[in-house]
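Residues per chain, in single letters:
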Amino acid sequence: MTLAPKRSSESRTEMVQVVLPNDANPLGFILGGTVMHLIDIAGAIAGHRHTRSLLVTAAVDGLQFLHPIKVGDLIILQSHVTCTFTTSLEVQVDVYSEETLTGRRLLTSSAFLTFVAISRDGSRIPVVPLLVETEQERQVCAQAQVRRAERLRKKLATQS
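The text that follows walks through the structure, step by step, so that each part is easy to find. (Residues numbered from 1 in each chain as written. Predicted model: local features only at pLDDT ≥ 70, side-chain atom pairs only at ≥ 80, totals over all residues. Heavy atoms only, no water.)

So, the overall build of the chain
- Helix and strand counts for the chain come out as two helices and seven strands.
- In terms of overall dimensions, the chain is globule-like: its C-alpha atoms have a radius of gyration of 17 Å, near the 15 Å expected for 160 residues.
- Dimensions of the chain, computed from the C-alpha atoms along their principal axes, are close to 50 × 40 × 30 Å.
- Burial status across the chain gives 42% buried among its 160 residues.
- Relative to all contacts within the chain whose residues are 6 or more apart in sequence, the contacts with residues 24 or more apart total 73%.
- If you sum the accessible surface of the chain, you get close to 9100 Å²; carbon and sulfur atoms cover 56% of it.
- Of the charged side chains in the chain, 17 are positive and 15 negative, and the gap between their average positions amounts to 6 Å. (Helix = DSSP H or I, 4+ residues; strand = E, 2+ residues; numbered from the N terminus. Rg over C-alpha atoms; globule rule 2.2 N^0.38 Å. Buried < 20%, exposed > 50% of the residue type's maximum accessible area, 1.4 Å probe, protein only. Contact = heavy atoms within 4.5 Å. Areas by Shrake-Rupley, 256 points an atom, 1.4 Å probe, with all protein chains shown as cover. Lys, Arg positive; Asp, Glu negative; His and termini not counted. Charge placed at Lys NZ, Arg CZ, Asp CG, Glu CD.)

Pasting the structure below:
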């Protein structure tokens, strides 16, 4: 069975929600765990749009918290597929805060997530290839290949 390649734009996802007090720490900033949870969801949605299959999260690379997000601000998560492999794919998720009264946006986090496509019985299945069209998309996919190789190297080292 041949899978027709899809463009990264077909997986683009944007999630927006207001940061409420129950999402925050005593200082009035969103909890890091809540941000990680939302990143996983936004990444999975982009992955599902690309594969139209069940997915499990296999890895998170490069997650950094650059700026806090205050209660009352909007949290905006933008995700898209950056590279595909045989049974897995990488998704980039960028997180922004937006002040509700001014509209000022600030990049607050960014991460790369790897998802594995599985069947209902839990076995790995092939993913739809990514149609890489621009030089920037080629560079991002090449960087994903490097991240993947490093993850696999570390995995093998821990199994020895």
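Here's the deal with the packing of aromatic side chains
- Tallying each qualifying case throughout the model produces zero aromatic pairs.
- Sitting over the face of the ring of Phe112, Arg147 holds its NZ or CZ atom 3.6 Å from the ring centroid. (Phe/Tyr/Trp six-rings, centres within 6.5 Å; stacked < 30°, edge-to-face > 60°. Lys NZ or Arg CZ within 6 Å of the ring centre and 35° of its normal.)

Examining helix α2 (residues 135–159)
- Along its 25 residues, α2 runs 36 Å from first to last C-alpha, staying within 8% of the 36 Å computed at 1.5 Å per residue.
- Restricting attention to buried positions, one finds in α2 the residues Val140, Cys141, Ala144, Arg147 and Arg151.
- The elements touched by buried residues of α2 are β3 (54–65), β4 (74–84), β5 (88–98) and β6 (105–118). (Expected span 1.5 Å × (residues − 1).)

Re the pairing of β5
- The buried count for β5 comes to 10 of 11 residues, which makes it a mostly enclosed element.
- Looking at chain direction, β4 and β5 are connected through 10 bridges and run antiparallel. Within β5, the position partnered with Ile75 by the bridge is Ser97.
- Hairpin connection from β4 to β5: three residues lie between these consecutive antiparallel strands.
- In this sheet, β6 lies alongside β5 in antiparallel orientation, the contact comprising 11 bridges. Bridge pairing in β6 links Val95 to Ser109.
- Two successive antiparallel strands, β5 and β6, enclose a turn made up of six residues, where Gly103 displays a positive phi of approximately 80°. (Pairing = 2+ DSSP bridges.)

Considering the nonpolar core
- Counting residues in hydrophobic clusters, the biggest one holds 24 residues, and the most contacted among them are Ile39, Ile75, Leu77 and Val93.
- In terms of residues, this core owes the most to one element, helix α1 (residues 32–51), which gives six residues. (Core = buried A, V, L, I, M, F, W, Y, C linked by side-chain atoms within 4.5 Å.)

Here's the deal with α1
- Here α1 spans 28 Å end to end across 20 residues, near enough to the 28 Å set by a 1.5 Å rise per residue.
- Regarding α1, the residues found buried are Thr34, Val35, Leu38, Ile39, Ala42, Gly43, Ala44, Ala46, Gly47, His50 and Thr51.
- Looking one or two places after α1, you find Arg52, whose phi comes out positive at around 50°.

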